[in-house]
Amino acid sequence: MDTKIEEEPNFLQQVQLYFDEATKYVSGRKDILELIKRCQALFSFNIPLKRDDGSIELIEAHRAHHSYHSMPCKGGVRYAPDVDVQEVQALASLMTFKMAVADIPFGGAKGGIRLDPRKYSKAELDRITRRYTIALAKKGIIGPAIDVPAPDMGTNAQTMAWMVDTYNTLYGTRDINSSALVTGKPLPLGGIDGRTEATGLGVFYGTRVLFENESFCKKYSLTKGIKGKSMIIQGLGNVGYWAAKFFFDAEAKVTGIVEYNSSIYDPKGLNPDDAFKHFRAKGSFAGYPNAAEVYPDANSGIEVMYKECDILIPAAKENVITKDNVDKIKCKVLAEAANGPTTFFAQQVFDKRGIPVIPDFAHVLCVDTCLLYTS
């Protein structure tokens, strides 16, 4: 690790560092590799939103296409306050690589709107989603044969329903495939059963396969099997919840759950269903009665991620484990569930410490990708 580096590179630079490291093991023309590394197109624009109180707010929006080597492009749409041009390009790049690993003939794409969806009403989110869809569709940026969006952080099946309804209004009379604009739609609109839990299931399958592999367990001094293994989940959103549920059902012990504003810990194990219901109802783990330790704020809650466990699953967002906190991590195996949660320099530290990292796109997310292809 380069100790001269004072700050971590941004997310796009992290992805490109991983890419450069991987190209050391392949033969190929440098100019072609450089083409593969970079996004081929980036669309950025501002959308005026009329708030419920009558005020007008200008909102930043983006859509990145990483590769047109196989069409359509494919990737999610996220609503988050820190969405920017480098993030959508990084995520679009990862989508291309994920598709390639799963041998699915799509290019990678990603989009986002810079807002915190918790601060907007359902009617406001409806309006901004439709304006986003119109802006992209009218310029030929999205479409069933061009670029197919999907849910991501801060979006869900309802968001996809708004998008496909808007697109159908514009092009439904002349495009028989207009309802195929997005994946992750509600079932009545042509969605596919199992989409919601697919990524969490991929996390479980990828980790379970390795823990059943004798050579893997021997190399890292692990006992075989998932049963009885302690695990900590960072991020109890859709991916984190379903991963926790599948591990819990396989008799692993979910000892810790870390959220953005609070955390809980119990060495005897937590019930993810019970914890999820409390968090959904209260918006926080504060006052949760069924944990040995409750951390009601973000500053104290992050310490749960640094407790000892067999498996740590970062399931929230990118750049969670960095060179600044990697030495605090005490897991035996890191199973990535978010996109790029471990920075390039943190990965180097894990390698030196002999802690295996199950990468997000290579083992974990391909179940989700395959299901999206089916839909």
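Residues numbered from 1 in each chain as written. Predicted model: local features only at pLDDT ≥ 70, side-chain atom pairs only at ≥ 80, totals over all residues. Heavy atoms only, no water.

### Here we look at helix α6 (residues 198–211)
When the terminal C-alpha atoms of α6 are compared, their 20 Å separation across 14 residues agrees well with the 20 Å that a helix rising 1.5 Å per residue should span. With respect to burial, α6 is a largely interior element, 11 of its 14 residues being buried. Within α6, burial applies to A198, T199, G200, L201, G202, V203, F204, G206, T207, L210 and F211. (Helix = DSSP H or I, 4+ residues; strand = E, 2+ residues; numbered from the N terminus. Expected span 1.5 Å × (residues − 1). Buried < 20%, exposed > 50% of the residue type's maximum accessible area, 1.4 Å probe, protein only.)

### Details of the pattern of salt bridges
What the rule picks out here adds up to 22 salt bridges. Among the charged side chains, a salt-bridge network with shared partners connects R78, E87, K110, D152 and E318. (Salt bridge = Lys/Arg side-chain N within 4 Å of Asp/Glu carboxyl O.)

### Examining the nonpolar core
Counting 36 residues, the largest nonpolar core has M231, F247, I257, I264, I311 and I313 as its most contacted members. If you list the elements that add at least two residues to this core, you get α6, α7 (214–219), β6 (230–234), α8 (238–249), β7 (253–258), α9 (272–282), β10 (309–314) and β11 (331–335). Ranked by the residues each element gives to this core, the list is headed by α8, at 6 residues. Not counting chain neighbours up to four residues away, the residues in contact with M231 comprise F247, A252, K253, V254, T255, G256, C309, I311 and I313. If you look at the next biggest cluster of nonpolar residues, it comprises 25 residues, including I113, Y132, I141 and I142. (Core = buried A, V, L, I, M, F, W, Y, C linked by side-chain atoms within 4.5 Å. Contact = heavy atoms within 4.5 Å.)

### Points about the packing of aromatic side chains
Taken as a whole and assessed by the stated rule, the structure comprises 16 aromatic pairs. Judged by centre distance (4.4 Å) and plane angle (25°), the rings of Y241 and F276 are stacked. Pair noted here: Y241 is in helix α8 and F276 is in helix α9, with a separation of 35 residues, a long-range link. Judged by its relative accessible area of 18%, F276 is buried. When the ring centre of Y260 is taken as reference, the NZ or CZ atom of R118 above it lies at 4.3 Å. Against the face of Y265 rests K307, its NZ or CZ located 4.7 Å from the ring centre. (Phe/Tyr/Trp six-rings, centres within 6.5 Å; stacked < 30°, edge-to-face > 60°. Lys NZ or Arg CZ within 6 Å of the ring centre and 35° of its normal.)

### Topic: unusual backbone geometry
With an omega of 5°, the peptide bond between M71 and P72 qualifies as cis. Secondary-structure assignment places P72 in the loop between β2 (56–65) and β3 (73–80). The phi dihedral of S221 is positive, around 55°, even though this residue is not glycine. Considering the arrangement of structural elements, one finds S221 in the loop between α7 and β6. On the basis of relative accessible area, S221 is assigned to the exposed category, the value being 67%. Look at E251: it is not a glycine, yet its phi comes out positive at around 70°.

### Side note on the pairing of β10
Burial analysis of β10 places 6 of its 6 residues in the buried class, the great majority of the element. With 4 bridges connecting them, β6 and β10 associate as parallel partners. Its bridge partner lying in β10, Q234 is registered against P314. Bridge count between β10 and β11: 3 bridges; the pairing is parallel. (Pairing = 2+ DSSP bridges.)

### Concerning the sheet that holds strand β4 (residues 107–114)
Spatially, 5 strands are ordered β1-β2-β4-β3-β5 in an open sheet, and the strand pairing comes out mixed. The sheet is open, and its two borders are formed by β1 (41–50) and β5 (147–151), each paired with just one other strand. Here the strands of the sheet are splayed against their neighbours by 25° on average, with no regard to which way each runs. Bridge analysis of β3 against β4 gives 6 bridges, and the strand direction is parallel. Bridging across to β4, C73 finds its partner in G107. The strands touched by helix α4 (residues 122–138) are β1, β2, β3 and β4; relative to β1, the strand with the most contacts, the crossing angle is about 140°. Contacts from helix α5 (residues 157–171) reach β3 and β5, with the element oriented near 150° to β5. (Axes fitted to C-alpha atoms, helices over the stretch in contact; angles between N-to-C directions.)

### So, a nonpolar patch on the surface
On the surface, a cluster of nonpolar side chains totalling about 250 Å² of accessible area is made up of I32, L35 and I36. Within the secondary structure, L35 is located in helix α2 (residues 30–37). Accessibility expressed as a relative area gives 51% for L35, which makes it exposed. (Patch = residues over 30% accessible without salt bridge, like charges linked within 9 Å, V, L, I, M, F, W, Y side chains within 5 Å. Areas by Shrake-Rupley, 256 points an atom, 1.4 Å probe, with all protein chains shown as cover.)

Scope: geometric values only; no functional claims are made or implied.
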